[in-house]
Amino acid sequence: MAEATDDLKALETQALAELAGCSDEPALRAWNTKYFGDKGLMKAALSAIGKVPKEQRASYGQEANRVKVALESAYSAALDKAKEESLATSLASDKLDVTLPGRPARRGRLHPATQILRDIYAIFADLGFQVYRTNEVETDELNFELLNMPEHHPARDMWDTFFTTTPGTVLRTHTSPGQIRLMKETAPHPIRAILPGMCYRNEAISTRSEIQFFQVEGLVVGEGVTMADLKGTLTAFARRMFGPDRQLRIRSSYFPFTEPSIEVDIDWPKDDPNRDRLTKGTGWLEILGAGMVHPTVLRNGGYDPDKVTGFAFGMGPQRMLMLKHAIDDIRLFWQNDLRFLRQF
Ligand code: FA5
């Protein structure tokens, strides 16, 4: 009998010593498995009662139970203590200083090309123009033919074109094909609208020209619309966009879909050192082409050129931004350089 309970006491002493050596929760749980798991030492000691001589069984059982309860309560006390300690450690390391000033949230902003488009919409809205959007992938018929440029017309060379893999389809080289779409939709009623959108040209990239750029087309159709209305509209627009001190220059020009045709330049700020380079020494930068809508184009749009007249223009918002802020390279717009974009 003395031998059997001695084993139990030795087991208790060993288990308690090991328990005292457990420094954290995982170690404690490993200890618990060692003594109380399915093949645990304490379990084995309890089931060993069958091998103890009959007369010693009662006291062995009592002693085994005492050791079991003692170990269980020592384990649960040690586990509680370890949990408390780990909570205290994490509270100490995660502490929050509510007096620290907050980090300012980074605010997004509109891309300068979007900003100028919105300025343009606002100015033309005040002049009574609606906004009309049309396709970026256009048919050859709308991009050229119905604009008075039949196949092989030499003026097609004015627009270096990206063709798509679908025959007869191009990336629009200008917003003018939208004129035909809008006229066909509206005829015989009057029109006063702007048509903004991205255009694509297969041309050499330079400080003033990109292969992808915005245009804003304007179209006015109605009875008695004259060149004076065109000049008045463009002058009113330029005054509001660039201020009363900037000069506007109107030159005669040629477009197959307008007759007569003009181009409009704005003077580059005189104190800017890049003036000569960007204006090829002239002091002026072209911002738009315009003219009176050609009778053939009016007819293609469903109007009777004997009854109505119209004017149209196509402007380059990015060129205008360059003028407004003396930006010396149009390529900056699509490079996504935050140092450039954050200035707007
Ligand atoms: C045209 O595209 C005509 N469709 C404009 C027009 C409309 C004339 C209606 C008459 C009636 P042009 O190729 O000149 O014309 O382009 C018009 C404007 O778009 C230019 O003044 C310029 O501001 C801008 N632009 C043209 N090409 C580029 C380019 N590669 N990069 C940036 N802006 C450009």
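Residues numbered from 1 in each chain as written. Predicted model: local features only at pLDDT ≥ 70, side-chain atom pairs only at ≥ 80, totals over all residues. Heavy atoms only, no water.

A.B. asks: An account of the packing of aromatic side chains is needed here, citing residue identities and associated values.
C.D. replies: Counting across every chain of the model gives 12 aromatic pairs. Ring centres 5.0 Å apart and planes at 65° place the aromatic pair Phe-124 and Phe-129 in the edge-to-face group. Ring centres of Phe-311 and Phe-313 lie 6.5 Å apart, and the angle between their planes is 25°; this geometry places the pair in the stacked category. Through a chain of ring-to-ring contacts, three or more aromatic side chains come together here, namely Phe-124, Phe-129, Phe-237, Phe-311 and Phe-313. (Phe/Tyr/Trp six-rings, centres within 6.5 Å; stacked < 30°, edge-to-face > 60°.)

A.B. asks: An account of the nonpolar core is requested, with residue identities and associated values reported.
C.D. replies: Grouped together as the largest cluster of nonpolar side chains are 43 residues, with contacts concentrated most on Ile-120, Phe-313 and Met-315. Ile-120 has contacts with Val-216, Phe-237, Met-241, Met-315, Pro-317 and Met-320, leaving out every residue within four places of it along the chain. Formed by 24 residues, the second largest nonpolar core is a distinct cluster that contains Leu-182, Val-293, Leu-298 and Ala-312. (Core = buried A, V, L, I, M, F, W, Y, C linked by side-chain atoms within 4.5 Å. Buried < 20%, exposed > 50% of the residue type's maximum accessible area, 1.4 Å probe, protein only. Contact = heavy atoms within 4.5 Å.)

A.B. asks: Would you mind going over the site of the ligand in detail, with residue names and values included?
C.D. replies: The ligand sits among 27 residues. The nearest are His-174, Arg-201, Glu-203, Glu-210 and Glu-286. The contact in question runs from an oxygen atom of the ligand to an N or O atom on the side chain of Trp-159, over 3.3 Å. For the ligand, whose accessible area on its own is 670 Å², the fraction buried by protein is 96%. Of all the secondary-structure elements, those providing two or more residues to the shell around the ligand are β5 (212-222), β7 (258-267), β8 (284-293) and β9 (309-315). Among the elements that take part in the shell around the ligand, β8 stands out by supplying five residues, more than any other. Residue composition of the shell around the ligand, grouped by class: 10 nonpolar, nine polar and eight charged. (Near = heavy atom within 4 Å. Polar contact = N/O pair within 3.5 Å; in protein donor to acceptor, adjacent residues only side chain to side chain. Areas by Shrake-Rupley, 256 points an atom, 1.4 Å probe, with all protein chains shown as cover. Helix = DSSP H or I, 4+ residues; strand = E, 2+ residues; numbered from the N terminus. Nonpolar A, V, L, I, M, F, W, Y, C, P; charged D, E, K, R; others polar.)

A.B. asks: Got a sec to walk through the pattern of salt bridges? Specific residues and values, please.
C.D. replies: For the structure shown, the criterion picks out 19 salt bridges. Of the charged contacts in the structure, one is a salt bridge between Glu-18 and Lys-34, with a shortest N-O distance of 3.0 Å. Here Glu-18, found in helix α1 (residues 2-20), pairs with Lys-34, found in helix α2 (residues 25-36); they are 16 residues apart in sequence, far enough to count as distant. Classification of Lys-34 as partly exposed rests on a relative accessible area of 36%. (Salt bridge = Lys/Arg side-chain N within 4 Å of Asp/Glu carboxyl O.)

A.B. asks: Any chance you could break down a positive patch on the surface for me, citing the residues and the numbers?
C.D. replies: Taken together, the side chains of Arg-106, Arg-107, Arg-109 and Arg-342 define a basic patch exposed on the protein surface. The residue Arg-342 is located in the segment after α12 (338-341) in this model. (Patch = residues over 30% accessible without salt bridge, like charges linked within 9 Å, V, L, I, M, F, W, Y side chains within 5 Å. Lys, Arg positive; Asp, Glu negative; His and termini not counted. Charge placed at Lys NZ, Arg CZ, Asp CG, Glu CD.)

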